[in-house]
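Close look at the chain arrangement
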Amino acid sequence: MRNRLTVTIAAAVATMVLGIPAASAHTFGSVPYSDTLGAADAYDNECTQLTKNDLTLMLLAPTYPETGAPSSQAPSPMTLSRGDDQVSLHSFGSGSSYKRAFWHPGVGAWQMDSAGLGAPNDARKRVSTWYSSRDAADEMATRYCLRRNQGYSAASARDYAWGPWYGCDAGSCETFFNGHRTSGGGITGIYTTSSVERYGGVQWRTCSIFGNGSTFTCWYVKPANAQGYNGFAVWTPLDGGTAGSGTSPITHPFYTYTSSNKEYRYWFTEDTGYGQRIFATRTLGTNARGGLTWYTWYNLCDRSYWRGNCSNGPV
Amino acid sequence: MPFGSGSRRRVRARRWSGSRLVASVALVALLAVACGTPSEVATPLGEGLAVAAGGEDAAAAAAPDTGPEAVAETQDAETIVEEAAAQAVSLPELPSRHERQPELYDENDCLYIPPDEGGGVDCGLPADVEALLEEMEAASLADPDVEVTAPVAEWRSLGGFVGPYYAETVSGSGIEVLEGTVSTAAAGNWSAQGLVRNELPDVVGSVSVTAELFDADGNSLGTATGATAVANTRPGEPAPFAIAADVPAVDVASVAWGAVAAPGQTVDRNLEIRVFRVHPAGDRPAVDAYFHTDTGEGPYPFVLFGSVTNYGAALADGAVAVAWLDPDGRVVWTERVDVKSPADTTTIAAGGIADFVVVVDDPAAPDLYQLDAMFWGVGR
């Protein structure tokens, strides 16, 4: 939602695909679309003026500018923000070493950020279109109905509902909404693709902590595996250049899970090529900007592929 | 938050807890209030009773009621203070996840799993794994081979508050100026910004912060006084202040701090504060949203947009105070703005929301985009 850069990227892409009419077709992942419909169905009862179809379109609208996806490609549920470049998000708060062990605060098709809508959720939940569409629907429906109940028009209420999403500035989401809404209140021009799944390429893995026999599910986030529009993963410079310059690095692959109300992210040496083991934590509910604790070791083992710290203690 | 490289600390085994400036003499002024019987403690403070200061002179100045009689009481009162030290306070926790999002969390705050992923709930990792992780992280703090970089203080998201320096216990000593959070102007007239913290077990009202300025010879140059941006400060809660004096900063060699609190009033500040967007000052794409529109070609101001959700009773005159911290955890800029409800008022309805937007176009402001910000949601 705070992603300055992806919006810039989106603008560039839109320029390349010139002449997109307001009603041009847009592509969305089939399961993510189903999730979005389900979310709209779950939250369209906030007020009588809100319909499931309208809320569905309201939900779809910001995903394109927020992820940078052109109309012909589905927004990737794995999208990681590239425009949030506060130095505090860099490993060890330094911005100089291990540049691509970077903590992206904005995650997912709706770019839920740890400062706001994404604060209570770990990366997995924000990637999942089942969860993130519901979080977005909850927010949009609440905002829309509170505004509508004050006598504002439907368009004004939508503008209010989209306030948290920068990608909706200057009426872009309203254009999307009107371009895909039929006169009868239906939805038109949304095409789905099965190539983009709920987790957008994020993989489930079985993990354990060295020295403990219990296993649990962890999640492997590898930007190169992103399904759908992957501009966030390839936008250069990959290391972000100078920390704080406005473009963040794109992280090397990382593992993530939640324990004791803390979100964990691990960067394995196999993935980073660094000679240093790294992991970081964020207490859920707090902003990653300033709320991260970094460690120069880890004890996580990916038992699905026997990667990570599967046999050695802290180094 | 903090943070650039200097914004963080290398941790070994202990957490930074902020600097305490409570002078023993200053304590005297508090004793009658902070150390009374439980019923007395619960009574709103008398005018000028809550004081803490950074030196005897300052203490005397900030606690004019502290006379010989009060000093004579010091011994007994200090004993009582010690007994009251580290008194636990009730943190204003936000409602549970289930209460906030019952569609996604069950009564135990376990996350519902999508039906097509098997259904049921996700309650976290096995207990033995969670315990092991906690143990290993704690052990790593003392391991010389492990480098840990952590925030200068633990950040919390509470009702009506987001940031560090919120204490789980109070000393009973009064209003404490957290010297470690204070930044002062290096040039021009003297000014300072920082945090105080309510170290009393009760809510206090408006807090007046006083700084007496001294030259290198110990001569008083003047006094700066100002109120915190947050009234009805809860036990353990910090509050921001900004004060200034018509005294050249280069002439100031030392400062004696004091703080006095007015009687407080318990206000239900059960507000969840969320930040949606932050746009840096300078040349950047324009913001064009319902809450703010950049005009012209730029450069544009710093813009921060967020919202509060009210889980308590309705609040009138809703506002949000913000304090930005430098990498060392010092306050370098403060703002306070009114909120705007969906009805375009400053009243935050029970169960309702209200947005806030902070626009800073002061060329003297630091790069707020790079700094971590603390937030307070207030009202009456």
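Each value, and the rule that gives it
- Counting from 1, residues in each chain are numbered in the order their sequence is written.
- Here every chain gets a letter starting at A, and every ligand a number starting at 1, in the order they are written.
- In keeping with the predicted nature of the model, local features appear solely for residues at pLDDT of at least 70, side-chain atom pairs appear and are counted solely at 80 or more, and the whole-chain, interface and lining totals rest on all residues.
- In computing side-chain values, all of the structure's heavy atoms are included and hydrogens and water are not.
- Summary of the metric used: pLDDT quantifies the predictor's per-residue confidence within the range 0 to 100.
- Here, residues are in contact when the closest pair of their heavy atoms is within 4.5 Å.
- What makes two strands pair is DSSP finding at least two bridges between them.
- What counts as a helix is a DSSP run of H or I of at least four residues, what counts as a strand is a run of E of at least two, and both are numbered from the N terminus.
- Each axis is a line fitted through C-alpha atoms, taken for helices only over the stretch in contact, and angles between the N-to-C directions span 0 to 180 degrees.
- Buried area is understood as the total, over both parts, of accessible area removed when two parts are fitted together, assessed with a 1.4 Å probe.
- Whenever a carboxyl oxygen of Asp or Glu lies within 4 Å of a side-chain nitrogen of Lys or Arg, that contact is scored as a salt bridge.
- Contacts described as polar in this section are N or O atom pairs within 3.5 Å, which, within protein, must combine one atom able to donate a hydrogen with one able to accept it, while residues neighboring in sequence count only if both atoms come from side chains.

**Topic: the confidence of the model for chain B**
Residue and element names in this part refer to chain B. Here chain B shows a mean pLDDT of 81. Residues at 70 or above account for 78%. Here residues 1-83 is modelled with pLDDT under 50, and outside its nearest four sequence neighbours on either side it reaches 185 contacts, counting other chains as well. For this predicted complex, the interface confidence score (ipTM) comes to 0.90, while the overall pTM stands at 0.85.

**Observations regarding the sheet that holds strand S10 (residues 175-184) of chain B**
All names here are of chain B. With respect to topology, 3 strands assemble into an open sheet ordered S10-S11-S14, the strand pairing being antiparallel. Taken across any chain shown, the strands that pair with only one partner, and hence form the sheet edges, are S10 and strand S14 (238-248). Here the strands of the sheet are splayed against their neighbours by 30° on average, with no regard to which way each runs. Two strands pair when backbone bridges link them, and S10 and strand S11 (residues 189-198) are joined in this way by 6 bridges, in the antiparallel orientation. Counted as the bridge partner of Glu176 is Arg197 from S11.

**Considerations on the interface of chain B and chain A**
At the junction of the two partners, chain B supplies 67 residues and chain A supplies 73 residues. Taken over both partners, the interface formed by chain B and chain A buries close to 5,900 Å², and the fraction arising from carbon and sulfur atoms is 50%. A salt bridge links Asp344 of chain B to Arg147 of chain A; its shortest N-O distance comes to 3.1 Å. Our count for the chain B to chain A interface comes out at 35 residue pairs in polar contact (both at pLDDT 80 or more). The set of elements that each furnish at least two residues to the side of chain B that touches chain A consists of strand S4 (111-112), helix H7 (127-141), strand S6 (148-150), strand S7 (156-158), strand S16 (271-279), strand S17 (288-289), strand S19 (302-310) and strand S22 (353-360) of chain B. Among the elements that make up the side of chain B that touches chain A, the one with the highest residue count is H7 of chain B (9 residues). Alignment of strand S10 (residues 292-295) of chain A against S6 of chain B, held across 2 bridges, turns out to be antiparallel. Within S6 of chain B, the residue paired with Trp294 of chain A across the bridge is Thr149 of chain B.

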